[in-house]
Amino acid sequence: MAAFLRYAIAGGLALALHLIVLQSLLSIACPALPASAIGFVLACALNYTLQKLWVFRSSRAHAVALPRYVGITTVMLGVNTLLFGLLHGLGLAPLAAQTATTGCVFVLNFLGNRRFTFGAYRSEQIS
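Residues numbered from 1 in each chain as written. Predicted model: local features only at pLDDT ≥ 70, side-chain atom pairs only at ≥ 80, totals over all residues. Heavy atoms only, no water.

Digging into the packing of helix H1 (residues 2-27) against helix H2 (residues 32-55)
Okay, so step 1: Where H1 meets H2, the closest approach of the two axes is 8 Å, and the angle between their N-to-C directions is 155 degrees. Relative to H2, the element H1 is oriented roughly antiparallel. Two packed elements cross with a definite hand, and for H1 against H2 that hand is right-handed.
Okay, so step 2: Across the contact of H1 with H2, the residue classes tally to 21 nonpolar, six polar and one charged. (Axes fitted to C-alpha atoms, helices over the stretch in contact; angles between N-to-C directions. Helix = DSSP H or I, 4+ residues; strand = E, 2+ residues; numbered from the N terminus. Parallel < 35°, antiparallel > 145°, perpendicular 65-115°, else oblique. Left-handed = near helix turned anticlockwise from the far one by under 90°. Nonpolar A, V, L, I, M, F, W, Y, C, P; charged D, E, K, R; others polar.)

Next comes the structure, spelled out in C-alpha cells:
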C-alpha cells in the first residue's frame, strides 16, 4: 500500500509540473497544443524518475525500464482513449467520463509499472 501512496504523490507532482509548464508557456504566447505536449513530456520524465527511484525503488537498468515505461504509457493512452470514448458515447458528460476513465487508468498504470516496468523477475534476480 505504501508504494501505491507514493505512486499517487508522484503522479500528483507530475501533474503539477505539467500544469505549471503549460501555464508558463501559454503566458509567453506559446500555442496551447505544443505547450501541452512539452508539459506532458516533462511530466513523464519526472514521473519516470520518481517511479524508478522512489515509488518502486527499482534497480532495473534504464535501458530496460525506460522503453517499458514508454510502452506502458502508450498502452494507457490507448486505454484512456477507448474507455473515454465508450463512456462518453454512452451519454456520460465529458468530465464525468474522464474522471471515471482516469481512475481506471491510474490503477492499471500502477499495476503495469509495478510489475512490468520496474519489477524484478526471477531471471534478473539470479544475476
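There is more to say after this.
Brief notes about the packing of aromatic side chains
Okay, so step 1: Tallied over the entire structure, the rule returns nine aromatic pairs.
Okay, so step 2: On the basis of an interplanar angle of 80 degrees and a centroid distance of 5.4 Å, the ring pair of Phe4 and Phe106 is categorised as edge-to-face. Residue Phe4 is found in helix H1, and its partner Phe106 is found in helix H4 (residues 94-117); the two are separated by 102 residues along the sequence.
Okay, so step 3: Of the residues examined, Phe4 reaches a relative accessible area of 26% and is grouped as partly exposed.
Okay, so step 4: Here Tyr7 and Phe110 contribute two aromatic rings whose centre-to-centre distance is 5.2 Å and whose plane-to-plane angle is 65 degrees, an arrangement assigned as edge-to-face. Residue Tyr7 is located in helix H1, and its partner Phe110 is located in helix H4; the two are separated by 103 residues in the primary sequence. Here the two residues Tyr7 and Phe110 agree in accessibility, since each one is buried.
Okay, so step 5: The ring of Phe116 has Arg68 sitting right over it, with the charged end atom 4.6 Å from the ring centre. (Phe/Tyr/Trp six-rings, centres within 6.5 Å; stacked < 30°, edge-to-face > 60°. Buried < 20%, exposed > 50% of the residue type's maximum accessible area, 1.4 Å probe, protein only. Lys NZ or Arg CZ within 6 Å of the ring centre and 35° of its normal.)

Here we look at the confidence of the model for the protein chain
Okay, so step 1: Taken over all residues, the pLDDT of the protein chain has a mean of 90, while the share at 70 or more is 94%.
Okay, so step 2: Low confidence marks residues 122-127, where pLDDT is under 50. Its contacts with residues over four positions away, or in another chain, come to four contacts. (pLDDT = per-residue confidence, 0-100. Contact = heavy atoms within 4.5 Å.)

Side note on unusual backbone geometry
Okay, so step 1: Look at Ala29: it is not a glycine, yet its phi comes out positive at around 70 degrees.
Okay, so step 2: Within the secondary structure, Ala29 is located in the loop between H1 and H2.
Okay, so step 3: Residue Ala29 is classed as exposed on the basis of its relative accessible area of 67%.
Okay, so step 4: Despite not being glycine, Arg57 shows a phi value in the positive range, around 50 degrees.
Okay, so step 5: In this structure, Arg57 sits in the loop between H2 and helix H3 (62-89).

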